[in-house]
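One-letter residues, chain by chain:
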Amino acid sequence: MPLESNVVKKQEHWDEVITSKTGLFDLKLREVWKYRDLVSLLVRRDFVTSFKQTILGPLWFFISPMLTSAIYIIIFTVIARIPTDGIPPILFYLSGITLWNYFSSALTLTSNVFTANANVFGKVYFPRLVMPLSIIISRLMQFGVQMLLFFVFWLYYWMQGVIEPNIWLLAVPYYVLLCSIIAMGLGLIFSSLTTKYKDVSMLLGFCIQLWMYATPVIYPSSIMPASVKVYLQYNPMIGIFEGFKYAFLGKGSFDPTILFYPTAFAIIILALGVLIFNKVEKSFMDTV
Amino acid sequence: MNKSIALDIQNVSKQYRLGKVGTGTLSHDLNRWWASIRGKEDPYLKIGETNDRTKKGSSEYVWALKDVDFQIEQGDAVGIIGRNGAGKSTLLKLLSRVTKPTTGSIKYKGRIASLLEVGTGFHPEMTGRENIYLNGAILGMTKKEIARKFDEIVDFSGVERYIDTPVKRYSSGMYVRLAFAVAAHLESEILIVDEVLAVGDAEFQKKCLGKMGDVSKGEGRTVLFVSHNMGSIKALCSKGLFMETGTVKYAGDIDSSIQLYMESNAGDAILKTSSIFNDLPEKPMVINHVQLLKNGQPTDSPLLDFHDKIGFEITLSIKEKVANRGIVIYCKDQFDTIMLNFDISTLENLILHRDSGVYKIRVEYPVPFLKQGTYTFDFEIGHFGSTPDQYERNGIGIDIDILSKHIRYQAADKKRPGIFNIEPTWQYLKANL
């Protein structure tokens with residue numbers, strides 16, 4: 001364009017440079033921080049819109065885990081007679097289901113983040129990491145609400161002296177944090193793969209289901225046969241769920257060293273996820 | 001004046017792979033990856049063809065943009081024009097950072113706000129108020145900024161009454177009004193707008209254009225505007241960028257860009273200098289062919305300057321003697337408004353009672369009368385005493401485009417009032433007492 005004749009280019013200061021290559025570790029975390037208002041508004045949107053035009057409204061937060069627990073009690077306790085380590089079944093299932101629901105919904109939603117938001121991502125730029133972050137936070141808040149229901153039953157049985165909560169309760173936030181990190185890390189990895197190969201999202205739904213059965217969510221780890229345990233020791237969720245249940249219910253045994261592996265797993269997965277996500281986000285619109 | 005560059009685009013290209021993403025994708029990805037770990041260049045970057053959507057290509061890879069290179073000075077309003085598939089939207093996508101260029105670099109100063117679409121991220125279940133905040137945040141505003149401008153936004157949109165109603169209850173016009181209002185209040189140094197004005201009523205379109213004019217002229221911000229509406233481009237922009245098949249063909253003043261665009265359209269089937277009409281065997285008289293004349297000479301270009309005299313050569317077959325037929329010529333503007341109509345049958349000796357055979361008739365308008373714009377001439381055969389809907393239409397007409405390449409009289413400009421432009425003759429008369 002013949003418009004620039006009398007400008008010296010070399011001394012220019014540019015606020016932003018877009019090129020084809022991007023640094024692997026250029027995560028733009030400062031930019032994500034700038035968009036923190038967007039994160040909070042997206043979380044708000046998820047809450048405000050999830051139960052619009054329903055009569056029961058937010059009550060559904062409580063109804064769905066109750067119904068699921070009821071189904072598990074009927075199938076596993078009444079029909080299949082799977083023991084719950086002497087813990088009241090409703091408490092046992094609610095604790096497992098609430099935490100697992102959080103983990104699996106956060107993972108599923110994060111892994112679909114590109115496909116579900118393609119229309120927005122295709123029109124406006126904002127740091128893409130904002131979306132998965134808002135998903136995790138909004139799921140976390142839903143988890144918090146559902147834990148209230150669990151607390152009602154938990155306090156009741158605690159008063160009755162049926163369960164023995166212990167000092168490990170202080171570690172519960174850490175378990176939740178590990179769940180969040182693993183869900184987000186894996187979700188980011190899978191989301192990056194789904195942009196090009198939609199096969200991955202098909203596979204993921206199945207894998208999460210399988211994973212639940214490989215984790216002591218709806219059965220106590222005490223009934224797991226030793227031959228199976230050998231293979232399942234690489235499942236990071238086992239340590240987290242055992243720790244979580246032990247803290248609240250106090251049944252079974254708990255060895256804190258079991259947490260080393262999930263911690264290392266979470267850190268590596270998150271780092272890997274963010275790196276892959278960062279690489280894909282620049283050009284995913286071409287393939288999604 | 002020495003203005004600084006707000007946006008610098010250097011050798012930007014963008015390659016796309018056509019067709020479906022399927023089994024072949026994985027092997028290409030592996031090839032690419034293999035090349036990259038050996039430190040070689042991406043093997044698929046060497047191939048690729050110019051992006052011409054009308055022609056069948058041999059390669060799966062096309063260059064949606066190829067070596068685009070230009071600079072825009074701060075405060076300029078630049079209209080980007082080109083036909084569909086010229087690469088305008090791809091360019092805007094790169095500028096908005098929705099996707100990254102395959103090669104080259106884009107540098108800019110300040111914030112870019114891009115409106116590739118209005119209402120991005122609007123949630124139908126949420127109220128207008130909630131959506132203003134969400135949409136504003138998506139576009140990069142903070143809550144505080146939005147709160148400060150909230151009243152202004154609502155006022156601009158003119159949907160105050162519905163502000164606490166879910167937007168799914170809005171009419172589509174109201175939806176767009178609200179969405180544009182949010183976007184228009186973004187604080188950015190560079191504003192990119194992609195034909196969002198196509199919706200909304202005339203009053204609102206005018207308001208949007210006015211707002212964008214304020215942004216570029218009043219506030220000194222840089223505006224990039226893509227549209228197919230040459231009227232609004234011309235009203236808003238001082239500079240133009242004409243694109244064709246992924247490259248910038250011209251960058252400079254807006255009038256030349258528009259003219260190049262119009263001329264590139266001329267090659268298209270839309271504008272014609274001659275028309276061959278269908279034969280209707282059962283009819284006693286048909287029009288075979290019409291050729292456009294420019295100042296009395298047959299011409300191949302449908303582009304006429306506004307002071308060229310328009311004429312036509314009509315080839316006519318008379319199969320049997322007719323006593324009650326004539327040719328009717330309509331001149332319509334782009335909105336299909338009939339500007340002029342003329343019956344040749346009133347000149348009896350031309351058609352009536354002639355022996356069967358092929359005849360040629362030359363029709364010429366003695367003075368130029370059309371203003372700048374695109375017009376269609378339709379030729380029909382009418383019966384005496386019948387109404388126009390009974391006329392025989394056996395083909396399509398001729399389209400011409402009147403340019404104002406050399407405007408001598410401002411009145412020929414489309415923006416000036418009036419339908420016709422006929423140059424009167426002037427003569428001084430001696431005042432007689």
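Just so it is clear, the model here is predicted, and its values are computed rather than measured.

Undergrad: What is the right way to read the overall build of chain A from this model?
TA: Counting secondary structure elements, chain A contains twelve helices and one strand. Moving toward the C terminus, one meets the helices and strands of chain A in the order β-α-α-α-α-α-α-α-α-α-α-α-α. With the C-alpha coordinates aligned to their principal axes, the bounding extent of chain A is approximately 85 × 50 × 35 Å. A burial count over chain A gives 49% of its 288 residues as buried.

Undergrad: It is not clear to me how the packing of aromatic side chains should be interpreted in this structure. Could you clarify?
TA: Given two aromatic rings, one states the distance between the centres and the angle between the planes to describe the pair. Residue and element names in this part refer to chain A. Applying the stated criterion across every chain, the model contains 32 aromatic pairs over all chains. Ring geometry for tyrosine 156 against tyrosine 157: centres 5.2 Å apart, planes inclined by 75°, an arrangement best described as edge-to-face. Taking the relative accessible area as the measure of exposure, tyrosine 156 reaches 47% and is therefore partly exposed. Ring geometry for tyrosine 261 versus phenylalanine 265: centroids 6.0 Å apart, planes at 55°, classification tilted. Taken together, the positions of tyrosine 261 and phenylalanine 265, both in helix α12 (residues 260-280) and four residues apart, correspond to about one turn of that helix. Through a chain of ring-to-ring contacts, the aromatic side chains of Phe150, Phe151, Trp154, Trp158, Phe244 and Phe248 assemble into a single cluster. Here the guanidinium or amino end of arginine 36 rests over the ring plane of tryptophan 33, the centre of that ring lying 4.5 Å away.

Undergrad: How should I be thinking about the environment of alanine 77 of chain B in this particular structure?
TA: All names here are of chain B. Residue placement: alanine 77 occurs in strand β4 (residues 77-81). Residue classification places alanine 77 among the buried positions, given a relative accessible area of 4%. For the pair alanine 77 and lysine 211, spaced 134 residues apart in sequence, the C-alpha separation works out to 13 Å. Filtering out sequence-adjacent residues up to four positions away, alanine 77 remains in contact with Ser216, Val223, Leu236, Cys237, Ser238 and Lys239.

Undergrad: Which parts of the structure should I look at to understand a negative patch on the surface?
TA: On the surface, Asp151, Glu152, Asp155 and Glu160 of chain B cluster together to form a negatively charged patch. Position of glutamate 160 of chain B relative to the elements: it lies in the loop between α4 (143-157) and α5 (172-184).

Undergrad: So what exactly am I meant to see when it comes to the interface of chain B and chain A here?
TA: Often, the extent of an interface is quoted as the loss of accessible area on bringing the components together. With 63 residues of chain B at the interface, the matching set in chain A holds 46 residues. Taking both partners together, chain B and chain A bury about 4,600 Å²; carbon and sulfur atoms supply 59% of that area. Sorting the residues of chain B by area buried against chain A places Arg97, Val98 and Lys100 of chain B first, and these three jointly supply 15% of that buried surface. Scanning the region where chain B abuts chain A turns up two salt bridges. Where arginine 44 of chain A meets glutamate 130 of chain B, a salt bridge forms, and the shortest distance between an N and an O atom there is 3.1 Å.

Undergrad: Explain the packing of helix α7 (residues 130-160) of chain A against helix α11 (residues 236-249) of chain A to me, please; I cannot follow it from the model alone.
TA: Working note: a packed helix pair is described by the angle between its axes plus the distance between those axes. Residues and elements named next belong to chain A. Running from N to C, α7 and α11 point in directions that differ by 40°, and their axes come no closer than 12 Å. Here α7 lies oblique to α11, going by the angle between them. Touching Phe143, Met147, Phe150, Phe151 and Trp154 of α7 are Phe244, Phe248 and Leu249, all from α11. Taken together, the residues that form the contact of α7 with α11 break down as eight nonpolar, no polar and no charged.

Undergrad: Would you explain the pairing of strand β12 (residues 285-294) of chain B in this entry?
TA: On a regular strand, one side chain projects to one face of the sheet and the next to the other, so that they alternate. All names here are of chain B. A large share of β12 lies buried, amounting to seven of its ten residues. For β12 and strand β15 (residues 310-318), the ladder comprises nine bridges, and the chain directions are antiparallel. From the neighbouring strand, leucine 292 faces β15, where its bridge partner is phenylalanine 312. Here two bridges tie β12 to strand β13 (residues 297-298), and the two strands are oriented antiparallel to one another. Paired with lysine 294 across the bridge in β13 is glutamine 297. Once β12 ends, the chain turns through two residues before running back antiparallel as β13, passing asparagine 295 with a positive phi of about 50°.

Undergrad: Please clarify how the pattern of salt bridges should be interpreted in this entry.
TA: A side chain with one charge may pair with a side chain of the opposite charge, provided their charged atoms come close. Residues and elements named next belong to chain B. Enumeration according to the criterion identifies 14 salt bridges over all chains in this entry. For glutamate 145, the salt bridge goes to arginine 111, with nearest N and O atoms at 3.6 Å. In this pair, glutamate 145 is assigned in helix α4 and arginine 111 in the loop between β5 (103-108) and β6 (112-115), connecting sequence segments 34 residues apart. Taking relative accessible area as the criterion, arginine 111 reaches 34% and is therefore assigned partly exposed. Glutamate 244 is the partner of lysine 249 in a salt bridge, and the nearest nitrogen-oxygen pair spans 3.3 Å. The exposure class assigned to lysine 249 is partly exposed, which follows from its relative accessible area of 47%. On the basis of relative accessible area, glutamate 244 is assigned to the partly exposed category, the value being 25%. Connected through shared salt-bridge partners, Glu313, Lys360 and Arg362 make up one network.

Undergrad: I'm lost on the confidence of the model for chain A in this one. Help?
TA: When pLDDT drops low, the exact placement of atoms in the prediction is not to be read closely. Residues and elements named next belong to chain A. Within chain A, residue pLDDT values average 85, and 92% of them lie at 70 or more. Confidence, expressed as mean pLDDT per element, reaches its minimum in chain A at strand β1 (residues 16-19) with 78 and its maximum at helix α8 (residues 172-194) with 93. Here residues 1-10 is modelled with pLDDT under 50, and outside its nearest four sequence neighbours on either side it reaches 26 contacts, counting other chains as well.

Undergrad: So what exactly am I meant to see when it comes to the sheet that holds β6 of chain B here?
TA: In sheet architecture, strand pairing relies on hydrogen bonds along the backbone and comes in two forms, parallel and antiparallel. Residue and element names in this part refer to chain B. Reading across the sheet, the six strands line up as β6-β7-β8-β4-β9-β10 and stay open at both edges, with mixed pairing between neighbours. For this open sheet the edge positions go to β6 and β10 (247-253), each flanked by a neighbour on one side alone. The sheet shows a mean angle of 15° between the axes of neighbouring strands, taken without regard to direction. Here four bridges tie β4 to strand β9 (residues 239-244), and the two strands are oriented parallel to one another. Across the sheet, residue isoleucine 80 finds its bridge partner in β9, namely leucine 241. Those strands touched by helix α6 (residues 202-218) are β4, β7 (190-194) and β8 (222-226), and its axis lies near 140° from that of β8.

The rules behind these values
- Residues numbered from 1 in each chain as written.
- Chains lettered and ligands numbered in written order.
- Predicted model: local features only at pLDDT ≥ 70, side-chain atom pairs only at ≥ 80, totals over all residues.
- Heavy atoms only, no water.
- Helix = DSSP H or I, 4+ residues; strand = E, 2+ residues; numbered from the N terminus.
- Buried < 20%, exposed > 50% of the residue type's maximum accessible area, 1.4 Å probe, protein only.
- Phe/Tyr/Trp six-rings, centres within 6.5 Å; stacked < 30°, edge-to-face > 60°.
- Lys NZ or Arg CZ within 6 Å of the ring centre and 35° of its normal.
- Contact = heavy atoms within 4.5 Å.
- Patch = residues over 30% accessible without salt bridge, like charges linked within 9 Å, V, L, I, M, F, W, Y side chains within 5 Å.
- Areas by Shrake-Rupley, 256 points an atom, 1.4 Å probe, with all protein chains shown as cover.
- Salt bridge = Lys/Arg side-chain N within 4 Å of Asp/Glu carboxyl O.
- Lys, Arg positive; Asp, Glu negative; His and termini not counted.
- Charge placed at Lys NZ, Arg CZ, Asp CG, Glu CD.
- Buried area = accessible area lost by both parts, 1.4 Å probe.
- Axes fitted to C-alpha atoms, helices over the stretch in contact; angles between N-to-C directions.
- Parallel < 35°, antiparallel > 145°, perpendicular 65-115°, else oblique.
- Nonpolar A, V, L, I, M, F, W, Y, C, P; charged D, E, K, R; others polar.
- Pairing = 2+ DSSP bridges.
- pLDDT = per-residue confidence, 0-100.

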